[in-house]
Amino acid sequence: EISQNTKIGKIFKAISEFNQESEVRYVGGCVRQTLCNEVFNDIDLATNINPEQVKQCLDRNNINFFETGIIHGTITANIQGKNYEITSLRKEISTDGRHAQVKFTNNWTEDSNRRDFTFNSIYADEEGNLFDPHDGVKDLKNGLVRFIGDPDKRIKEDYLRILRYIRFFLNYSKKNHQPDVAKCIKKNISGITVLSKERLIDELKKLILSNGFFKL
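The model shown is predicted, which means the values in this text are computed figures rather than measured ones.

A. Spotlight on the pairing of strand β2 (residues 44-47). Here three bridges tie strand β1 (residues 24-27) to β2, and the two strands are oriented antiparallel to one another. Residue pairing in the sheet places R25 in a bridge with A46 of β2. Taken together, the four bridges between β2 and strand β5 (residues 82-88) define a ladder with parallel strand orientation. Paired with T47 across the bridge in β5 is S88.

B. Geometry of the pattern of salt bridges. For the coordinates displayed, the defined rule picks out 17 salt bridges. The residue D111 makes a salt bridge to R114 at a minimum N-O spacing of 3.2 Å. Of the two residues, D111 and R114, neither departs from the other in class, the shared state being buried. For E203, the salt bridge identified is with R167, shortest N-O distance 2.6 Å. Here the residue E203 occupies a position in helix α9 (residues 197-209), and R167 occupies one in helix α7 (residues 160-172), the gap between them amounting to 36 residues. When its relative accessible area of 3% is taken as the criterion, E203 is described as buried. Salt bridges sharing common partners tie together K153, R154, E157 and R161.

C. Expanded view of unusual backbone geometry. One non-glycine residue, N37, lies in the positive phi region at around 55 degrees. Checked against the element boundaries, N37 lands in the loop between α2 (29-35) and β2. The phi dihedral of N62 falls on the positive side, at around 55 degrees, and the residue is not glycine. When you line up the elements, N62 lands in the loop between α3 (51-60) and β3 (64-69). On the basis of relative accessible area, N62 is assigned to the exposed category, the value being 71%.

What counts as what
- Every chain begins its residue count from 1, and numbering advances along the sequence as written.
- For a predicted model such as this one, the threshold for reporting local features is a pLDDT of at least 70, and the threshold for listing and counting side-chain atom pairs is 80 or more; totals across whole chains, interfaces and linings nevertheless cover every residue.
- In computing side-chain properties, one takes all heavy atoms of the structure into account and sets aside hydrogens as well as water.
- Criterion used throughout: strands pair if DSSP finds at least two bridges between them.
- Numbering of helices and strands runs from the N terminus; a helix is a DSSP stretch of H or I covering at least four residues, while a strand is a stretch of E covering at least two.
- Every case where a carboxyl oxygen of Asp or Glu lies within 4 Å of a side-chain nitrogen of Lys or Arg is listed as a salt bridge.
- Relative accessible area decides the class of each residue, using a 1.4 Å probe on protein chains only: under 20% of the type maximum gives buried, over 50% gives exposed, and in between gives partly exposed.

Below is the structure:
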């Protein structure tokens, strides 16, 4: 369904033909929103090859791209005016609550472990086959907003996750706040002050435009 009416197949073909192991999958919001029959705007892709290899793939296939996010492992491909972010699988090494140092990996589960919520760590191949190492589909169906790993640790890694939790809770939750999560948010709420205005505004826009905003 995601691939319909787009030229994204060019990216799948370019990367899958790079070598015997190379692979690219949809990940994050576009998968979550497709599973919920929502309209999605952005398409994020994950791949098990590194950014330099991604550039080689795109070059060979005459696909335009930008390197603006390469420090975080992201190459943005542009096809007929539409941008597609392609991020190499990563594992986080260290973070200060705003910026994380990363190391690339070719392990999909390792990449999933650094993501914030279970339903944001669902990967899908071009045919729609899912890789769901944290039972995100089940949590989405049951209306459970669940952090991957320890909520306090995940929030301290990036304080923006407090606002993301609120947005996802308003949009997807069918249950009350888990007591440990509510406690972690109260304890860490002042961490929001270290975030850049740009990141805060971007997240607040997503919250305001989301279907759950009226519940706020």
